[in-house]
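Structure assessment
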Amino acid sequence: MKAAVVYWSMSGNTEAMAEAVSEGIKEAGGEVDVITAGDFEASQINDYDSFVFGCPAMGSEELEEGEFEPMFESVEHELGDKKVVLFGSYGWGDGQWMRDWEARAQEEGINLVSEPLIVNDAPDDDAIAECKKLGASLI
């Protein structure tokens, strides 16, 4: 099982989550590549069995528009039956960006295999443990 953790982070909170998810995948016996959104493209979809996409809430609770949104838009139709999980951090609001993203993924027929994971601000020890658990669930 080979997974890709594809994320965008501004403050480092979502990056810390991505690293913890990656550790969970490795601890469960999977292979994983951690890739920033700007370095991932649809041509890489067939290199992986599963995907973990991470993006913090930006603006008025939406996906980051410069790198993450264009990348996700280019791959969402190509994911097929690959296992997919969503995660991210937020500092305001109530998580609406994640509910919208999850609904979008469901409408596209993306194979979401877990509830999305969101963390308010920097991930604490409990949140890091949840990230690792999320990663392990893909294996």
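Look up: the structure comes first, before these words.
Throughout what follows, the structure given in this document is the object of discussion. (Residues numbered from 1 in each chain as written. Predicted model: local features only at pLDDT ≥ 70, side-chain atom pairs only at ≥ 80, totals over all residues. Heavy atoms only, no water.)

Summed over all chains, the structure comprises 5 salt bridges. The closest approach of N and O atoms between Asp-33 and Lys-2, which form a salt bridge, is 3.6 Å. With Asp-33 in strand 2 (residues 31-36) and Lys-2 in strand 1 (residues 2-7), this residue pair connects regions lying 31 residues apart in the sequence. Here Lys-2 falls in the partly exposed class, since its relative accessible area comes to 27%. In this structure, a network of salt bridges that share partners links the residues Glu-69, Glu-76 and Arg-104. (Salt bridge = Lys/Arg side-chain N within 4 Å of Asp/Glu carboxyl O. Helix = DSSP H or I, 4+ residues; strand = E, 2+ residues; numbered from the N terminus. Buried < 20%, exposed > 50% of the residue type's maximum accessible area, 1.4 Å probe, protein only.)

To continue, consider helix 3 (residues 96-107). A rise of 1.5 Å per residue sets the reference length of helix 3, with its 12 residues, at 16 Å; its end C-alpha atoms lie 16 Å apart and thus fit the reference within 8%. Along helix 3, the residues classified as buried are Trp-97, Met-98, Trp-101, Glu-102 and Ala-105. Each buried residue of helix 3 sits inside an arc of 130 degrees when the element is viewed along its axis, so together they form one side. Check the buried side of helix 3 and you find it contacts strand 3 (50-54), helix 2 (68-75), strand 4 (83-90), strand 5 (111-112) and strand 6 (117-120). Gly-109 lies just past helix 3 and shows a positive phi near 80 degrees. (Expected span 1.5 Å × (residues − 1). Arc of directions from axis to C-beta. Contact = heavy atoms within 4.5 Å.)

The next point concerns the packing of aromatic side chains. Scanning all chains against the criterion turns up 8 aromatic pairs. Summarising the aromatic geometry, the rings of Phe-51 and Phe-53 are spaced 5.7 Å apart at their centres and angled 10 degrees between planes, so their arrangement reads as stacked. Residue classification places Phe-51 among the buried residues on the basis of a relative accessible area of 0%. Taken together, a centroid distance of 6.1 Å and an interplanar angle of 10 degrees make the contact between Phe-68 and Phe-72 stacked. Of this pair, Phe-68 and Phe-72 are both found in helix 2, 4 residues apart, which corresponds to roughly one turn of the helix. Assessed through its relative accessible area of 0%, Phe-72 is described here as buried. Grouping aromatic residues by their ring pairs yields a cluster made of Phe-40, Tyr-48, Phe-51, Phe-53, Phe-68, Phe-72 and Trp-101. (Phe/Tyr/Trp six-rings, centres within 6.5 Å; stacked < 30°, edge-to-face > 60°.)

Another aspect to go through is the packing of helix 1 (residues 13-27) against helix 4 (residues 125-136). Running from N to C, helix 1 and helix 4 cross one another at 50 degrees; their axes reach a closest spacing of 6 Å. Classified by the angle between their axes, helix 1 and helix 4 sit oblique to one another. Considering how the two elements wind past one another, helix 1 and helix 4 form a crossing that is right-handed. Residues Ala-16, Met-17, Ala-20, Val-21, Glu-23, Gly-24, Ile-25 and Glu-27 of helix 1 lie in contact with helix 4, whose contacting residues are Ile-128, Cys-131, Lys-132, Leu-134, Gly-135 and Ala-136. Among the residues making up the contact of helix 1 with helix 4, the classes are represented as 9 nonpolar, 2 polar and 3 charged. (Axes fitted to C-alpha atoms, helices over the stretch in contact; angles between N-to-C directions. Parallel < 35°, antiparallel > 145°, perpendicular 65-115°, else oblique. Left-handed = near helix turned anticlockwise from the far one by under 90°. Nonpolar A, V, L, I, M, F, W, Y, C, P; charged D, E, K, R; others polar.)

The biggest cluster of nonpolar side chains holds 27 residues, and the ones touching the most others in it are Phe-40, Phe-51, Phe-53, Phe-68, Met-71, Phe-72 and Trp-101. The set of elements that each furnish at least two residues to this core consists of strand 1, strand 3, helix 2, strand 4 and helix 3. The contacts of Phe-68, once residues within four sequence positions are left out, are Val-6, Tyr-7, Trp-8, Ala-37, Phe-53, Gly-54, Cys-55, Leu-63 and Trp-101. Residues Tyr-7, Val-32, Val-85 and Val-119 belong to the second largest nonpolar core, which totals 18 residues. (Core = buried A, V, L, I, M, F, W, Y, C linked by side-chain atoms within 4.5 Å.)

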